[in-house]
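# Geometric and topological summary
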Amino acid sequence: MNNIIKINKNYTYDILKNDILFLNYYFPFFKIDSIGNSTLGEKIIYIKLGEGNKKLFINASHHANEWITSLVIMIFIEKYLKLYKNKEIYKGYDIKDLWNNVSLYIVPMVNPDGVNLCLKNKKIINNKLYYEIWKDYFNELNKWKSNIRGVDLNLNYPAGWNQALKNKLKKGINKPGPRDYVGPNPISEIETKNMINFTKLFNFDMTISLHSQGKEIYWNYLNYKINKAYEIGKKLEKVSGYKLTKPVFYSSFAGYKDWFIENYRKPGYTIEIGEGKEGESLPLEKVDEIYNEIEELFLVSLEECINI
Ligand SMILES: [Zn+2]
């Protein structure tokens, strides 16, 4: 069977939605639902694979210009479904065992409006509702990270939000725009609110937030001692070749990982996939290479989740 997920187009929300429906047609044994709507009313889709008591949560595209993270996780979803269907042992991992022990929840695109804006999707460009916020940046929308309201979603969580605000104000960022605006208050954005409610509903054992870029794995928040977080981080480092590291102070607050670690005291990671031009989306030509770098990272995360 040919691959359903194709690496030939910039990955808009509509392509994502179609791909999920196609996958579900061929593999009807996984669940599709939504964590709620985006600002412009798009469903923020989640997928559930596996049947286990342990719960791993992977999310992608908090940041609009990092839409390649959505594509990479969708490639993994297709692979995992095929492996499970064929009951395979793959790279030494017993896929059936992973499937039966871990429920894998995935939000492949946290910020659909932002992704559509970044890719100049007609739906957004023709919808002038938030035009005032992005019009001055029309020629550099490929660098847009925020949601459609100009808020950086990964700076909108209530975990050191005031510190994030201070850090960004020092750099002169005090209003909606392409990146680094923390919002008028924590959880000001519907996308953030939906992610928080979704997390509260399922109580995950471990989370991974996919970002780009830098080939790095961030594993901590402040000085919280989280059981197994470092050890698992070392394993993720080993299978990917990405460097396990702590974020610099300037970028250390108000992200999903920070909020998850502070509230649940369980392992939460931010993975910066790939490497390319600063501030720009990674090109499609890099997807195969990046996927190969991190495929086993997903498998090892499932395996490690069983013993948390
Ligand atoms: Zn990011």
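So, here is what we can say about the structure in this document. Here the residue numbers are simple positions, counted from 1 along each chain's written sequence. For a predicted model such as this one, the threshold for reporting local features is a pLDDT of at least 70, and the threshold for listing and counting side-chain atom pairs is 80 or more; totals across whole chains, interfaces and linings nevertheless cover every residue. In computing side-chain values, all of the structure's heavy atoms are included and hydrogens and water are not.

### Details of the sheet that holds strand 1 (residues 31–37)
Note: strands within a sheet are paired through backbone hydrogen bonds, in either parallel or antiparallel orientation. In space, the eight strands of this open sheet follow the order 1-2-6-3-7-10-8-9, with mixed pairing throughout. The open sheet terminates on both sides in strands that have one partner only, identified here as strand 1 and strand 9 (243–245). Between one strand and the next, the sheet's axes are offset by a mean angle of 20°, whatever the strand orientation. We call two strands paired when DSSP finds no fewer than two bridges between them. Secondary structure counts use DSSP, requiring at least four H or I residues in a row for a helix and at least two E residues in a row for a strand, with both numbered from the N terminus. Of the pairings in the sheet, the one linking strand 2 (residues 43–49) to strand 6 (residues 102–107) comprises three bridges and is antiparallel in character. Across the sheet, L49 pairs through a bridge with L104, a residue of strand 6. Axis definition: a line fitted to C-alpha atoms, limited for helices to the stretch in contact. Angles are taken between N-to-C directions and run from 0 to 180 degrees.

### Concerning the packing of aromatic side chains
Here a Phe, Tyr or Trp ring, Trp counted by its six-membered ring, pairs with any other such ring whose centre lies within 6.5 Å, and the pair is stacked when the planes are under 30 degrees apart, edge-to-face when over 60, and tilted otherwise. Inspection of the entire model under this criterion finds 32 aromatic pairs. Between F29 and W99 the ring centres are 5.7 Å apart and the planes differ by 65°, which places this aromatic pair in the edge-to-face class. Taken together, the residues span a long stretch of sequence, with F29 in the loop between helix 1 (13–26) and strand 1 and W99 in helix 3 (residues 95–101) at a distance of 70 residues. Owing to a relative accessible area of 31%, F29 belongs among the partly exposed residues under this scheme. Three exposure classes are used, based on accessible area relative to the maximum for each residue type with a 1.4 Å probe and protein chains only: buried under 20%, partly exposed in between, and exposed over 50%. We classify W99 as buried; its relative accessible area is 2%. The rings of Y46, F57, Y105, Y157, F198, F202, F204, Y256, W259, F260 and Y264 are connected pair by pair, giving a single aromatic cluster. Over a ring means this: the NZ of a Lys or the CZ of an Arg is within 6 Å of the ring centre and within 35 degrees of the ring normal. A cation over a ring is seen here: K120 above F138, with NZ or CZ 4.0 Å from the ring centre.

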